[in-house]
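Chain and residue survey
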Amino acid sequence: MSETAASRASTVTGSERFGVSALYVIVTLSGTAGLGYQMAWTRMLSTSLGHEFAAVLAVVAAFFVGLALGGLLLNRAIRNAARPARWYVVLELIIGLWALLLILVLPYFNQWTAVWIGTEPGPVWHWCAAFSAALLALLPATIAMGATLPAIERVVRSRHGGETKVAGLYAANTAGALLGTLIATYALLPALGLNATLLMFAMINLGIAAMVWVGASKQDVTVPAVQSLALPGRRLLSVLFLTGLLGLGYEVLVVRVLSQALEGTVYTFAAVLAVYLLGTACGAAWYQSSVSRSADRWAQVSNRLLIATGVSCLLGSAALLSAEVVYATVLAALGPGNLSGMLAELSVAGMVFLIPTLCMGALFSHLAQHAIGQTGLGAAMGINTLGAALAPVIFGVLLLPAIGARSALVLITVAYLLLPLATNTQATSRRTNLLLAGAASTLLFLPLPLRFISVPAGSEVMVFEEGVVAAVAVVQEPD
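First, a word on scope: everything that follows refers to the structure included in this document. Everything numeric in this text was worked out from a predicted model, so none of it was measured.

**Concerning the overall build of the chain**
A count of helices and strands for the chain gives 16 helices and two strands. Taking all 479 residues of the chain together, the buried fraction comes to 52%. Of the contacts formed within the chain by residues at least 6 apart in sequence, a portion of 82% connects residues at least 24 apart. For the chain, the exposed surface amounts to about 20,100 Å²; the carbon and sulfur share of it is 66%.

Right, here's the structure in full:
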């Protein structure tokens, strides 16, 4: 931080410090509402899209497309706003009001969607219609959601003398998303139903808007420029796009594989998502508190985080082989019951997701920290989220049936290990990355299918095929 920024930060009053702390609480609540909406809207849209997993993919893709558009379309306006708090108020109002409108409209929209898809749709039409319908229904709210974090980051930076806190804000927002996933899926939806749950989350958004409006400064703010580092903007955005694609691709593939060993319901998705968000939040918080963000070490830290993410994804993929055993062991230890099932699924999800998502959270924080001085946080989040939006289609609909989950997961690892070549020009590091990527590529030729089939003694698996929503096995028995 520059001397000017440091001196300004040192003069922040106690009330201003409290204001910044309150904004961290607000961004946490905003994340809670956002993921609560996602779980509720997935339930509502599944009635017209024909399958719970289809609804999960469609809503995830629609969310990420909307978030990407919000970050990209509003990036310049928020980056240059004299009063970013007012932007944030408007965004929260849009989210809350659209959620209230969907309570009334979505039942009729579901009826129209079911007729539009038809009773016997072909796979291409079914997926195109499912993704389009979810996107259309959720777009205004998700566009606003995509711009909330850049807007609140500008507000916090204006009160911190220009010092950016993107990693801390991202951690708080993701922790709120974790809370929203858990309370919506396991508490509010079963107890209150869909409409009451959506009403509660809408009140959170509207309450946030009111609090920020009351506490917003009436004076224009000037935010000092953030130091720009070495990586050019276009290359940085390319890396952000690919890490978003690979990170969500890993989630989509693992959820699909775990559906064979676990229950494969929306509760399974919630358990996986909760662990995914927990790891991401902890990774961002660790980066904010521990990792050096100096300009001269930027490429070195990038290289290490990308390699760590690739290796951890490989280890998480390998852990999938023991998912069925771990799940059965935890269930046997805890006994029957819904709580036991939830804890068993959380245990398996933690085994395959926790370490990779810790690395992903730190990696995104590192890239986004740099992007503030290059392209703006909105553009960075928009491009990263656009990559994530394509992951359900590329990995879930195209690659999974074509090459199988194992090969697709190995490709994700190899891609992470090759990405440092775009951020680091040192010959030694480049050779190391190429060697690691080559070693990981050899796993494509090993016979380690990720399949969970009970094969009786003397029986033989004749065919095993992985599809978008199911894996099918044909077993020949002795008789």
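**A closer look at the environment of A457**
Along the chain, A457 turns up in the loop between α16 (427-441) and β1 (460-466). The spatial distance from the C-alpha of A457 to the C-alpha of E477 is 8.4 Å, given a sequence separation of 20 residues.

**Some words on the packing of helix α5 (residues 84-117) against helix α8 (residues 194-215)**
Between α5 and α8, the least distance of the axes is 8 Å, while the angle of their chain directions is 160°. Taken together, the axes of α5 and α8 lie roughly antiparallel to each other. Crossing of α5 against α8: the hand is left-handed. In this structure, α5 uses A85, R86, Y88, V89, E92, L93, I95, G96, L97, A99, L100 and I103 to contact α8, whose residues at the interface are N195, L198, L199, A202, M203, N205, L206, I208, A209, V212 and W213. Residue classes in the contact of α5 with α8 are distributed as 18 nonpolar, three polar and two charged.

**Re a nonpolar patch on the surface**
A grouping of W112, W116, W125 and L136 is seen on the molecular surface, where their side chains present a nonpolar patch of about 420 Å² in accessible area. Mapped onto the nonpolar patch, the elements with two or more residues apiece are α5 and α6 (123-159). Its location among the elements puts W125 in helix α6.

**Some details on the nonpolar core**
Ranked by size, the top nonpolar core spans 132 residues in total, and within it Y37, W41, Y250 and L258 carry the most contacts. Counting residues per element, this core draws most heavily on α6, which supplies 17 residues. Once residues within four sequence positions are removed from consideration, Y37 is found in contact with F63, I95, G96, A99, M145, L198, F201, A202 and N205. Grouped together as the second largest cluster of nonpolar side chains are six residues, I307, V414, L417 and A440 included.

**Points about the side chain of T185**
The residue T185 is located in helix α7 (residues 166-192) in this model. Owing to a relative accessible area of 1%, T185 belongs among the buried residues under this scheme. Of the polar contacts made by the side chain of T185, one reaches the backbone oxygen of T181; its length is 2.8 Å. T185 has contacts with M39, R43, P190, Y267 and A270, leaving out every residue within four places of it along the chain.

**So, the packing of aromatic side chains**
Applying the stated rule across the entire model yields nine aromatic pairs. An angle of 45° between the planes, with centres 5.5 Å apart, marks the rings of F109 and W112 as tilted. On the criterion of helical spacing, the pair formed by F109 and W112 is a turn pair, its members being three residues apart in helix α5. Classification of F109 as buried rests on a relative accessible area of 13%. Geometrically, the ring pair formed by W112 and W116 is stacked, given 5.1 Å between the ring centres and 15° between the ring planes. Taken as a pair, W112 and W116 lie in helix α5 at a separation of four residues, close to a single helical turn. Judged by relative accessible area, which is 42%, W112 ranks as partly exposed. On the basis of relative accessible area, W116 is assigned to the partly exposed category, the value being 31%. Grouping aromatic residues by their ring pairs yields a cluster made of Y37, W41, F63 and F201.

**Side note on α7**
Most pronounced at A184, the bend in α7 amounts to some 50°. G193, located one to two residues past α7, shows a positive phi value of around 90°.

Definitions and limits used
- For every chain, the first residue of its written sequence is number 1, and the numbers climb from 1 along that sequence.
- The model is predicted, so local features are restricted to residues of pLDDT at least 70 and side-chain atom pairs to those at 80 or more, both for listing and for counting; the totals for chains, interfaces and linings are taken over all residues.
- Computation of side-chain values covers all heavy atoms of the structure but excludes hydrogens and water.
- Numbering goes from the N terminus for both helices and strands, where a helix is a DSSP run of H or I of at least four residues and a strand is a run of E of at least two.
- Burial classification: accessible surface area is computed with a 1.4 Å probe over protein chains only, and a residue below 20% of its type maximum counts as buried, one above 50% as exposed, and the rest as partly exposed.
- Whether two residues are in contact is decided by their heavy atoms, any of which lying within 4.5 Å being enough.
- Using the Shrake-Rupley algorithm and a 1.4 Å probe, accessible areas are obtained, with residue cover drawn only from the displayed protein chains.
- Where helices are involved, their axes are fitted lines through C-alpha atoms of the stretch in contact, as for all axes, and angles between N-to-C directions lie from 0 to 180°.
- Here the word oblique covers every angle except those under 35 degrees (roughly parallel), over 145 (roughly antiparallel) and from 65 to 115 (roughly perpendicular).
- Take the far helix as your reference; a near helix turned counterclockwise from it by less than a right angle gives a left-handed crossing, and one turned clockwise gives a right-handed crossing.
- Under the scheme applied here, ten amino acids are nonpolar (Ala, Val, Leu, Ile, Met, Phe, Trp, Tyr, Cys and Pro), four are charged (Asp, Glu, Lys and Arg), and all others, including Gly, are polar.
- Patch building starts from residues that exceed 30% relative accessible area and form no salt bridge, then joins like charges within 9 Å and nonpolar side chains (Val, Leu, Ile, Met, Phe, Trp, Tyr) within 5 Å.
- Think of a salt bridge as a Lys or Arg side-chain nitrogen and an Asp or Glu carboxyl oxygen that are within 4 Å of each other.
- Side-chain atoms within 4.5 Å link the members of a nonpolar core, which is a set of buried Ala, Val, Leu, Ile, Met, Phe, Trp, Tyr and Cys residues.
- Identification of polar contacts relies on pairs of N or O atoms within 3.5 Å, with a donor-acceptor requirement for protein atoms, meaning one able to donate a hydrogen and the other able to accept it, and with residues adjacent in sequence counted only if both atoms are side-chain atoms.
- Two rings belonging to Phe, Tyr or Trp (six-membered ring only in the last case) form a pair when the distance between their centres is within 6.5 Å. Interplanar angles under 30 degrees mark stacking, angles over 60 mark edge-to-face geometry, and anything in between is tilted.
- What we call the bend at a residue is the angle made by axes fitted to the seven residues finishing there and the seven residues starting there.

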